[in-house]
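Analysis of the macromolecular model
As a plain string of letters, each chain reads:
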Amino acid sequence: MTQGTSAPTANSAWKLHEIRLVSRKKEIPIVETFEFEFVDSAVGQQYVARAGQFNMLYIPGYGEAAISTSGVSQNTGNIVHTIRQAGNVTNAIFRLELGQTLGCRGPYGNGWPLRDFEEKHLILIGGGIGMAPLRSVIESLRQSGWSFSKVTILIGGRSPDSLLYSAEYDQWRSSGFEVLTTVDHSTTGWQGNIGVVPSLLDRIELSDPNAAIVMCCGPEVMMNYSALAAIERGIPEDQIFFSLERHMNCAIGHCGRCQLGSYFLCTNGPVFRYNQVKELMKIPEL
Amino acid sequence: MNDFRYFRIDQFPEFLKQLMQSGYRVIAPTIDQEAIVYAEIQSIDDMPQGYTDEQKPGYYRLQHTGNQRFFDYAVGPHSWKRYLFPPLQLISTSIKSQDGWTFEDHVDEGEPYAFLGVRACELAAMRIQDRVFLEGSYVDTNYQNRRNASFIVAVNCAVPSANCFCTSMNTGPKCKSGFDIALTELSDGFLMEIGSSLGNEMVTPLGFPSATEEQLTESESISDHATEQIKKTMDTTDLRNRLMGQLEHSHWKEVADRCLSCTNCTMVCPTCFCSHVEEVPDLNQERVDRRKSWDSCFNPGFSKLHGTPVRNDTRSRYRQWLTHKLATWHDQFGESGCVGCGRCITWCPVGIDLTVEVAALCEEEP
């Protein structure tokens, strides 16, 4: 029985592109930012990722890992990923030398609907490596030319030396963004806030909660408490967004591994409105 | 109105020969290890004749009837998914280069298979997997090639098993669409319903006569009789919402105490599509295949977050399987993921019957 009309010859859903490591930069312990270029520049020119989408990075023999995009290099259009060394695949990526090639499929996922947020007060909340996908939001906002009433960035880390992208905060501030940080544990010389990220929400000026958008990325417990703090400030549930995580294998909705309730995180997410997922997240081991 | 033809039982080899001469490799029921399984045949002698099956929860036995009938049994442990969505598939190959790797996608052009003996529930299962692999955001083109290359000869069930509940899932026992040809085994031959232009091209050269009113009536009564014999039921009324309202029901634990988390139900299910990809390097580490194989939500490592399993016990894994199959599948694909074939009941080593579990799960807790 013939299904569908086209007769494709390549299994495009699994199509791997060669990418080459062109630079890497240490951020915080076991976290580095990698810049990759497409070996075939024509593929690179076609490649467009929205903030909040991810790529599958592949090292033969080790496998693939879903890694959020952390922005696009302004000079070259190369893809940028901030990666935490956490498993077999990311360990292998950390062993790469400049000029070596690896595989890439993507971009996948829905990304943040930034265009819908124009004229709103955007509140970005990132915990730990959760700042990596939010950096692509920050980059997009700085480059988009769209108008937002205000942008507030709340960043949490375990300790002062684990605050991701700290060297960039001044640039963000100079773009008019409000940047607040907090740490779980201080070290000598730290003059800033101590405490969990959601507590920062209580301190920010919020002229109209109905015109606020909250975008969270970090551990689930941190996102849940951030949502509660946002609701406490009067922000409507459907204006709070989470970027969720589960290990992914195919990234195209075919393998079933990243399912949460009615969603596959890879194709329906990873970005969800809080009211879409809050009941599902309350049930342990769903 | 489809075209109906008739051929005598002694003309069955002619029909088979026509399939083969048209370039198809014919996959049909055969007996292996005392069960009906789908394998390639060369002649009708390779097919079981005079067999029926007895199925109960955790029980399957073939019985020899002594008659000459070809299809008086229900479905066995195999389903056609093993040909359309093979248990092991090559995805791509990576070849070591001077500065890293180059990649070759594996293209499966699709083997020209004629599937002979596809039951109504199995047609429904194919349709369900089409939605997963062809109608979502991404198309699995290798699956599409395999699907396009196949020719489907369906068979209307005459003798359902005690584990069949296709009538509850509205998928059978009579084949309604999705086939090139559908056969009904009559007392002295086969009624042949032509369901597609491809099917018509196939049978026209055979010159089989149009079916008579008597033959059509006999076929109807066989299907009616099969429907009457199906006693197992599942109440599907608002089932999605009823199950999703019971995610913390104590009965999940009760099932988990019996469930071995062996994955049998997911392996025999004709709609289960979960998979994982593994790396298969050669000894020099210079050529690495990526191979996709069937996986199961009953495997502890199936779903992970930050390197640790999301579903730590059998309770949560059984809940994932059952609620996906019968509830969240509706949200994702617009229909149930269950076709009522009963395989998960038959091949469960401890005889867990999902129709019984669903009924218990839908009862309010005291």
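Residues numbered from 1 in each chain as written. Chains lettered and ligands numbered in written order. Predicted model: local features only at pLDDT ≥ 70, side-chain atom pairs only at ≥ 80, totals over all residues. Heavy atoms only, no water.

Re the packing of helix α11 (residues 314-333) of chain B against helix α13 (residues 354-361) of chain B
Residues and elements named next belong to chain B. Packing of α11 against α13 brings their axes to within 12 Å, and their N-to-C directions diverge by 95°. The pairing of α11 with α13 is recorded here as roughly perpendicular in orientation. Of α13, the residues touching α11 (which contributes Y318, W321, L322 and L326) are L354, E357, V358 and L361. Per-class residue counts for the contact of α11 with α13 are 7 nonpolar, no polar and 1 charged. (Axes fitted to C-alpha atoms, helices over the stretch in contact; angles between N-to-C directions. Helix = DSSP H or I, 4+ residues; strand = E, 2+ residues; numbered from the N terminus. Parallel < 35°, antiparallel > 145°, perpendicular 65-115°, else oblique. Contact = heavy atoms within 4.5 Å. Nonpolar A, V, L, I, M, F, W, Y, C, P; charged D, E, K, R; others polar.)

Section: the nonpolar core
Counting residues in hydrophobic clusters, the biggest one holds 108 residues, and the most contacted among them are I123(A), F242(A), F115(B), Y318(B), W321(B), L322(B) and L326(B). It is helix α3 (residues 120-134) of chain B that provides the largest number of residues to this core, a total of 10 residues. Split by domain, the residues of this core number at least three in each of domain 1 (3-229) and domain 2 (239-361) of chain B. Beyond its immediate sequence surroundings of up to four residues, Y318(B) is in contact with W252(B), V255(B), C259(B), F298(B), I352(B), L354(B) and E357(B). In terms of nonpolar packing, the next biggest core, distinct from the first, is built from 32 residues, F7(B), F12(B), M192(B) and M202(B) among them. (Core = buried A, V, L, I, M, F, W, Y, C linked by side-chain atoms within 4.5 Å. Buried < 20%, exposed > 50% of the residue type's maximum accessible area, 1.4 Å probe, protein only. Domains from an automatic or database assignment.)

Looking at the interface of chain B and chain A
Each partner contributes residues to the interface: chain B has 65 residues there, and chain A has 53 residues. Considering only the surface of chain B that becomes buried against chain A, F103(B), D105(B) and Y138(B) emerge as the three largest contributors, covering 14% of it. In this assembly, chain B and chain A are joined by 25 residue pairs in polar contact (both at pLDDT 80 or more). Sort the elements by how many residues they give to the side of chain B that touches chain A and α11(B) lands first, with 8 residues. (Buried area = accessible area lost by both parts, 1.4 Å probe. Polar contact = N/O pair within 3.5 Å; in protein donor to acceptor, adjacent residues only side chain to side chain.)

Describing the pattern of salt bridges
Where charged atoms from two side chains of opposite charge come close, those side chains can pair. Considering all chains together, one arrives at 36 salt bridges over all chains under this definition. When the shortest N-O distance is used, the salt bridge between E168(A) and R135(A) registers 3.0 Å. In this pair, E168(A) sits in the loop between β8 (150-157) and α4 (169-174) while R135(A) sits in helix α3 (residues 131-144), placing the two residues 33 residues apart along the sequence. Classification of R135(A) by relative accessible area gives buried; the value is 13%. Residue E135(B) pairs with R127(B) through a salt bridge whose shortest N-O separation is 3.0 Å. Of the residues examined, E135(B) reaches a relative accessible area of 44% and is grouped as partly exposed. Within this structure, E64(A), R105(A), E279(B) and R290(B) form a network of salt bridges that share partners. (Salt bridge = Lys/Arg side-chain N within 4 Å of Asp/Glu carboxyl O.)

Description of the confidence of the model for chain B
Mean pLDDT over chain B works out to 96, with 100% of the residues at or above the 70 mark. Reported confidences for the modelled complex are a pTM of 0.94 and an ipTM of 0.93. (pLDDT = per-residue confidence, 0-100.)

Observations concerning the side chain of Q129(B)
All names here are of chain B. Of note, Q129 is situated in helix α3. The class of Q129 is buried, set by a relative accessible area of 2%. The contacts of Q129, once residues within four sequence positions are left out, are K81, F85, L134, Y143, P270, T271, C272 and F273.

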